[in-house]
Amino acid sequence: MKLNSPKWCGMIAVGMLAAVSVMAQENAFLTRAQWLKQIGPSVGDTAVLKVTLERVSPEDRVEFTQRILKAVSRMPVGPDEKAAAFVRTAVACIAGISGEVKMRVIAEVFAVIPVEYLPVVTEELAKRFNQEYNGLSDEQYEKIASETLKIAIERNAQLDMPSVRNTFVILAFLRGASNPALGNVLIALLPDERMRNLASDWVRSVVENNDYESLLAAADVEALPLKYYRTMMRVVGHSLLDRLLAELNENTEWETDGEEGGERQPSNESVWMPLSQVWQISGTMVTPEDHNADFGINRVPRLPSGYQNQGTTIIAPKR
């Protein structure tokens, strides 16, 4: 058979196109030196953050998350705007990846963000981790939560107060769980009895009374004086809340396009507004264009009211 036959020429052409495609995909990723230069611009600009994250390789995503969250912690802004920045950045870093990398990024979020901001971040991530909202069964959700917590336990073992940070990870999943018995499962994964007892008390305090005081006191920090955070998040939050766990289950399918909540909101279409552009008028929040602020994450299902009474099922009280 002649090598210059049409059949062989076609095969060679296909092979060359495949090689070029692979090279293009590889070249699409930023080098470490390149994305390090984008950390600063990404902190203050959602569009830059989105474009940068699209070009950060999965292998670099955890380190990128660590570095940009540390950059957020150095922002010269008040606690309200910084809290919103932590939420915005954490959600962006977790979105768009899957598998173990996503779990490691989640663990990194809870390992890097200062403890005093973790109550806010935990509540916002819990909405995005919500089991029903992500279309996960009890078994699927428990598997994702357990595997993520194991990774977080390993990561937090390198830090001070690992018990506190591990408990926040548990709360992020428990607050969005359909089955309150998940608390027992997750607490049982903690490495020693002392940590399990501490986590049991802290978790009960949060789910029964929404009280983070004892958890923060254990880390020797005080609750942040957030004045406008909850109202501001309605303005700066995502117009449709990100489903951050659904793709971890390969059998999960999105609802039909066009149905309410059936299409995932691209992160570049999320609403973000600096605190300086949010004005308080007559006790309500409006944008500079006088648009009512009644939009954003208010469309997202809230935590079921039953959670206030579910603490007694998390773990048996000590005698």
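If you're wondering where the values come from, they're calculated on a predicted model, not measured in any experiment.

Definitions and cut-offs
- Residues numbered from 1 in each chain as written.
- Predicted model: local features only at pLDDT ≥ 70, side-chain atom pairs only at ≥ 80, totals over all residues.
- Heavy atoms only, no water.
- Helix = DSSP H or I, 4+ residues; strand = E, 2+ residues; numbered from the N terminus.
- Buried < 20%, exposed > 50% of the residue type's maximum accessible area, 1.4 Å probe, protein only.
- Contact = heavy atoms within 4.5 Å.
- Areas by Shrake-Rupley, 256 points an atom, 1.4 Å probe, with all protein chains shown as cover.
- Expected span 1.5 Å × (residues − 1).
- Arc of directions from axis to C-beta.
- Phe/Tyr/Trp six-rings, centres within 6.5 Å; stacked < 30°, edge-to-face > 60°.
- Lys NZ or Arg CZ within 6 Å of the ring centre and 35° of its normal.
- pLDDT = per-residue confidence, 0-100.
- Axes fitted to C-alpha atoms, helices over the stretch in contact; angles between N-to-C directions.
- Parallel < 35°, antiparallel > 145°, perpendicular 65-115°, else oblique.
- Left-handed = near helix turned anticlockwise from the far one by under 90°.
- Nonpolar A, V, L, I, M, F, W, Y, C, P; charged D, E, K, R; others polar.
- Salt bridge = Lys/Arg side-chain N within 4 Å of Asp/Glu carboxyl O.

Novice: For the overall build of the protein chain, give the residues involved together with the corresponding values.
Specialist: For the protein chain, the helix and strand inventory stands at 14 helices and two strands. For the protein chain, the residues scored as buried account for 46% of the 319 residues in total. When contacts within the protein chain are restricted to residue pairs at least 6 apart in sequence, those whose partners lie at least 24 apart make up 74%. Carbon and sulfur atoms make up 52% of the accessible area of the protein chain, which amounts to about 16200 Å² in all.

Novice: Just give me the short version of helix α5 (residues 61-73), but keep the residues and values in it.
Specialist: Side chains three or four residues apart in an α-helix point the same way, a direct result of the helix having 3.6 residues per turn. For α5, which comprises 13 residues, the first-to-last C-alpha distance of 18 Å matches the rise-based estimate of 18 Å (1.5 Å per residue) to within 8%. All of the buried residues along α5 are Arg61, Phe64, Thr65, Ile68, Leu69, Ala71 and Val72. Angularly, the buried residues of α5 cover 155° about the axis, an arc narrow enough to put them on a single face. As for α5, its buried residues are in contact with α2 (32-37), α3 (39-44), α4 (46-54), α6 (79-94) and α7 (99-112).

Novice: Got a sec to walk through the packing of aromatic side chains? Specific residues and values, please.
Specialist: Within this structure, the stated rule accounts for five aromatic pairs. Relative to Phe64, the ring of Trp35 lies with its centre 5.6 Å away and its plane at 70°, an arrangement referred to as edge-to-face. Here Trp35, found in helix α2, pairs with Phe64, found in helix α5; they are 29 residues apart in sequence, far enough to count as distant. Of the two residues, Trp35 and Phe64, both sit in the buried class. Here the aromatic rings of Phe129 and Phe173 are separated by 5.0 Å at their centres, their planes lie at 25°, and the arrangement is stacked. Taken together, the residues span a long stretch of sequence, with Phe129 in helix α8 (residues 118-129) and Phe173 in helix α10 (residues 162-174) at a distance of 44 residues. The exposure class of Phe129 is buried, given its relative accessible area of 0%. Using a relative accessible area of 1% as the deciding quantity, one classes Phe173 as buried. Three or more aromatic residues joined by ring pairs make a cluster, and in this case those are Phe129, Tyr141 and Phe173. Lying over the aromatic face of Tyr133, Arg243 brings its terminal NZ or CZ to 4.5 Å of the ring centre.

Novice: I'd like a rundown of the confidence of the model for the protein chain, residues and numbers included.
Specialist: On average, residues of the protein chain carry a pLDDT of 77, and 67% of them reach 70 or more. A low-confidence stretch, residues 16-26 stays under pLDDT 50, and its non-local contacts, those more than four residues away or across chains, total zero contacts. Ignoring residues within four places in sequence, the model shows residues 251-319, a span with pLDDT below 50, making 128 contacts including any to other chains.

Novice: Just give me the short version of α7, but keep the residues and values in it.
Specialist: Taking 1.5 Å of rise per residue, 14 residues should cover 20 Å, and α7 covers 21 Å from first to last C-alpha, within 8% of that figure. Turning to α7, its buried residues are Lys102, Met103, Val105, Ile106, Ala107, Glu108, Val109, Phe110, Ala111 and Val112. Buried residues belonging to α7 abut α5, α6, α8, α9 (138-156) and α10.

Novice: Quick rundown of the packing of α9 against α10? Include the residues and the values.
Specialist: Packing of α9 against α10 leaves a shortest axis separation of 10 Å and a crossing angle of 165°. One way to sum up the angle between α9 and α10 is to call them roughly antiparallel. Read as a crossing pair, α9 and α10 show a hand that is right-handed. Side by side, α9 and α10 meet where Tyr141, Ile144, Ala145, Thr148, Leu149, Ala152, Ile153 and Asn156 of the first sit next to Pro162, Arg165, Asn166, Val169, Ile170, Ala172 and Phe173 of the second. By residue class, the composition of the contact of α9 with α10 is eleven nonpolar, three polar and one charged.

Novice: Explain the pattern of salt bridges to me, using residue names and the numbers behind them.
Specialist: Close approach of charged atoms allows side chains of opposite charge to pair. One pass over the structure, following the stated rule, counts ten salt bridges. Between Arg32 and Glu63 there is a salt bridge; the shortest N-O distance is 2.5 Å. Here the residue Arg32 occupies a position in helix α2, and Glu63 occupies one in helix α5, the gap between them amounting to 31 residues. Salt bridges sharing partners connect three or more residues here, namely Arg32, Glu63 and Arg67.

Novice: Please provide a residue-by-residue account of the packing of α10 against helix α12 (residues 193-209), values included.
Specialist: Axis separation between α10 and α12 bottoms out at 10 Å; the angle between their running directions is 45°. The angle between the axes of α10 and α12 places the two elements in the oblique class. Both α10 and α12 take part in a crossing whose hand is right-handed. Note on element contacts: α12 touches α10 through Met195, Leu198, Ala199, Trp202, Val203, Val206 and Val207, opposite Pro162, Ser163, Val164, Asn166, Thr167, Ile170, Leu171 and Leu174. Residues that form the contact of α10 with α12 fall into these classes: twelve nonpolar, three polar and no charged.

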